[in-house]
Amino acid sequence: ACPGFILVGIAGSVLTLGPVWASTLWFLSALAGALAAYIYSEPAAMFPDKSGGLSMYAKEGWRAHFSLAGPIATFGYWFAWSSVLAIYGGIIGILLSEQFLSESAKAWSVSVLFFDVNWWRLIGAACILACFLFNYYGMRTAVWFSYATGFLMSIPVICLAVIPIVTGKLGNGNIDWSYNTDIIRENVAFYGGTPGTWSTIAMAVVW
């Protein structure tokens, strides 16, 4: 998921903040992520027989002091990732339905309890089930699958990074430290803020 987030997010951050500020924030975010992964590897090594995850580490670390830490962390972890799976499953279902299904198939739906079952929801549910099966049958398969998808994801990222340089279409005219520009003020106003120094800093913090 993360390379996909980056691929989508870089363009928006560059348009909103400017290339230098966006690059700086992405670098700092990557640095924080690398440090978090390094720290995360220590509890993972401490519990080699456990499935891992933030909730399990919270339970082990806090159970002598606050027994509810484990359940609270588990719910937060489950709620966040379940939402992500539901959103991405729905997006995948919509994209595949729009691309490959006929108009009559796209219009098909059956009402079940409180919502309508259609093809894109069924495809999304199949994607969520596939994620469950990966975890159920062991992480080795999931890790190799992540390697494969990560490699495929790197292809468009590398193309976007290299092709403009090779073709000579990468200009550096807009690469400067300018921050309080008209476009940033317009973006602040677009989100309902009042353009100014603090609001532009807040925009950077949000990104």
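From a predicted model like this one, the values you see are computed outputs, not experimental measurements.

## Side note on the overall build of the protein
Item 1. If you tally the helices and strands in the protein, you get nine helices and two strands.
Item 2. What you see in the protein, going N to C, is helices and strands ordered as α-α-α-α-α-β-β-α-α-α-α.
Item 3. Counting the 207 residues in the protein, one finds 18% classified as buried.
Item 4. Considering only contacts within the protein whose residues lie at least 6 apart along the sequence, 45% involve residues at least 24 apart.

## Side note on the packing of helix 4 (residues 69-100) against helix 6 (residues 119-136)
Item 1. Where helix 4 meets helix 6, the closest approach of the two axes is 7 Å, and the angle between their N-to-C directions is 130°. Judged by the inter-axis angle, helix 4 sits oblique to helix 6. With respect to the hand of their crossing, helix 4 and helix 6 are arranged in right-handed fashion. Contacts from Leu85, Ala86, Gly89, Gly90, Ile92, Gly93, Ile94, Leu96 and Ser97 of helix 4 reach helix 6 at Trp119, Trp120, Ile123, Gly124, Cys127, Ile128 and Cys131.
Item 2. Of the residues in the contact of helix 4 with helix 6, the class split is eleven nonpolar, five polar and no charged.

## Comments concerning the nonpolar core
Item 1. Core analysis: the biggest nonpolar cluster contains five residues, these being Leu17, Ile184, Val188, Met203 and Ala204.
Item 2. Of all the elements in the fold, those that place two or more residues in this core are helix 8 (182-190) and helix 9 (197-206).

## Overview of the confidence of the model for the protein
Note that predicted coordinates carrying low pLDDT should not be read in detail.
Item 1. Across the protein, the average pLDDT comes to 81, with 89% of residues at or above 70.
Item 2. Mean pLDDT values for the elements of the protein range from 73 in helix 1 (residues 2-17) up to 88 in strand 1 (residues 109-112).

## A short note on the packing of aromatic side chains
Item 1. Scanning the model with the defined rule gives seven aromatic pairs in all.
Item 2. Judged by centre distance (5.3 Å) and plane angle (70°), the ring pair of tyrosine 40 and tyrosine 57 falls under edge-to-face. Here tyrosine 40, found in helix 2 (residues 19-46), pairs with tyrosine 57, found in helix 3 (residues 54-62); they are 17 residues apart in sequence, far enough to count as distant.
Item 3. Taking the relative accessible area as the measure of exposure, tyrosine 40 reaches 34% and is therefore partly exposed.

Calculation criteria
Residues numbered from 1 in each chain as written. Predicted model: local features only at pLDDT ≥ 70, side-chain atom pairs only at ≥ 80, totals over all residues. Heavy atoms only, no water. Helix = DSSP H or I, 4+ residues; strand = E, 2+ residues; numbered from the N terminus. Buried < 20%, exposed > 50% of the residue type's maximum accessible area, 1.4 Å probe, protein only. Contact = heavy atoms within 4.5 Å. Axes fitted to C-alpha atoms, helices over the stretch in contact; angles between N-to-C directions. Parallel < 35°, antiparallel > 145°, perpendicular 65-115°, else oblique. Left-handed = near helix turned anticlockwise from the far one by under 90°. Nonpolar A, V, L, I, M, F, W, Y, C, P; charged D, E, K, R; others polar. Core = buried A, V, L, I, M, F, W, Y, C linked by side-chain atoms within 4.5 Å. pLDDT = per-residue confidence, 0-100. Phe/Tyr/Trp six-rings, centres within 6.5 Å; stacked < 30°, edge-to-face > 60°.

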